Amino acid sequence: MKYQITQYSLRGARPKNEDRVSYAERDNAVIMAVADGLGGHLGGEIAAEILVQTLMRDFRTVRQPVIEHPSAFLALGILHAHHAIISQGQASQPPIDPRTTCVVCLVQNGYAYWAHVGDSRLYHFRRGQLLLRTQDHTTVEELHQGGLLSETEMLEHPQKSHLLDCLGGPHKPTISVGEETALQPGDMLLLCTDGLWEAFTPDEILKYLRTPGLEAGMEEMLYAAVRKRGEGCDNVSAVCLRWEDAVTRSAPVQGKAAARVDEAMLRDEARRHLPHIAKLPPKKSAPPIEEEADDKNKSIKSRIQEIEDFLKKFEAK
């Protein structure tokens with residue numbers, strides 16, 4: 001696989017940086033993750049760190065040459081992080097309530113797969129145009145999708161920060177999973193926090209990303225976002241991949257259906273159709289953050305096929 005990849009994060013005007021961003025690579029795949037810890041809850045940076053480290057660790061402990069069920073792999077990793085965040089908060093003295101949003105993306109053998117919770121976004125650019133952006137789990141996004149707000153009006157709405165979903169909260173998160181997408185030469189995948197997309201339109205973002213050196217363009221873009229937002233600037237973080245290989249000749253592994261899935265759906269399907277397999281752990285018995293790698297790998301392998309089988313039942317309307 002031929003590509004450029006770079007990440008960057010700035011504190012902005014906030015007293016500390018509660019964003020986390022990372023990526024990890026292997027011969028035929030790369031995983032990217034961005035998390036935006038919620039500043040209104042103690043330990044936002046802890047929640048964001050757990051999300052990023054959980055996904056990176058899951059990726060590194062997979063022993064098979066190909067992740068055969070990528071969307072399920074991402075969804076399961078996000079659910080593992082959700083439970084680990086809750087466990088860490090309860091174990092703190094005094095207990096805290098850390099929360100985070102997230103967006104994650106796996107590129108494998110020339111195909112891209114992504115999942116998100118909250119208002120951290122993925123943008124997919126192709127041939128100088130925005131091909132897709134993820135839909136935020138927010139009140140204003142629902143108004144926008146219903147035709148009641150424009151993109152510009154979303155940024156000015158008094159409830160623009162009202163999240164409908166996050167990790168670490170009392171409600172199990174609903175995860176939006178993107179469709180399997182074959183990448184074309186020049187495609188760019190940008191994962192970012194709201195500190196970036198509140199500063200720039202997609203066209204403005206694209207101007208920075210089209211520079212020959214992706215790393216320089218990313219750095220310039222984030223510093224420009226901080227300058228533009230001034231004293232109101234949030235943490236600003238992003239990771240971007242520019243695909244520089246040919247269109248893959250590898251066969252797709254999961255089909256194109258996009259979906260939304262939450263843990264309640266997974267549990268219900270397991271109870272009704274898969275009673276013989278181990279269920280996802282409840283909150284009170286969530287696995288510790290430092291779970292052994294071998295145990296983590298066995299857990300993923302034992303559930304990944306079953307989750308993927310019914311993940312596709314919940315197609316986005």
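The structure this text deals with has already been given above.
In this text the structure is predicted, and so the values were computed from the model without any measurement.

Basis of the calculations
- Residues numbered from 1 in each chain as written.
- Predicted model: local features only at pLDDT ≥ 70, side-chain atom pairs only at ≥ 80, totals over all residues.
- Heavy atoms only, no water.
- Pairing = 2+ DSSP bridges.
- Helix = DSSP H or I, 4+ residues; strand = E, 2+ residues; numbered from the N terminus.
- Axes fitted to C-alpha atoms, helices over the stretch in contact; angles between N-to-C directions.
- Contact = heavy atoms within 4.5 Å.
- Core = buried A, V, L, I, M, F, W, Y, C linked by side-chain atoms within 4.5 Å.
- Buried < 20%, exposed > 50% of the residue type's maximum accessible area, 1.4 Å probe, protein only.

K.L.:
Help me out: how do you make sense of the sheet that holds strand β7 (residues 129–133) in this one?
P.N.:
Each strand in a sheet pairs with another by means of backbone hydrogen bonds, the pair being arranged parallel or else antiparallel. In space, the five strands of this open sheet follow the order β1-β11-β10-β6-β7, with antiparallel pairing throughout. The open sheet has two edge strands with one neighbour each: β1 (3–10) and β7. This sheet shows a mean twist of 20° between the axes of neighbouring strands, independent of strand direction. In the sheet, strand β10 (residues 188–192) pairs with strand β11 (residues 236–243) via five bridges, with the strands oriented antiparallel. The residue of β11 that forms the bridge with Leu191 is Val239. The strands touched by helix α6 (residues 202–209) are β6 (121–126), β7, β10 and β11; relative to β6, the strand with the most contacts, the crossing angle is about 65°. Contacts from helix α7 (residues 214–229) reach β1, β10 and β11, with the element oriented near 25° to β1.

K.L.:
Would you explain the nonpolar core in this entry?
P.N.:
For soluble globular proteins, nonpolar side chains are generally found buried alongside one another. Ranked by size, the top nonpolar core spans 33 residues in total, and within it Ile31, Leu51 and Leu74 carry the most contacts. If you list the elements that add at least two residues to this core, you get β3 (29–37), α1 (44–61), α2 (70–91), β4 (100–108), β5 (111–117) and β8 (174–177). Not counting residues within four places of it along the chain, the set of residues in contact with Leu51 comprises Ala33, Val34, Ala35, Ala81, Thr100, Cys102, Val104 and Leu167. Grouped together as the second largest cluster of nonpolar side chains are 24 residues, Leu190, Cys192, Phe200 and Leu209 included.

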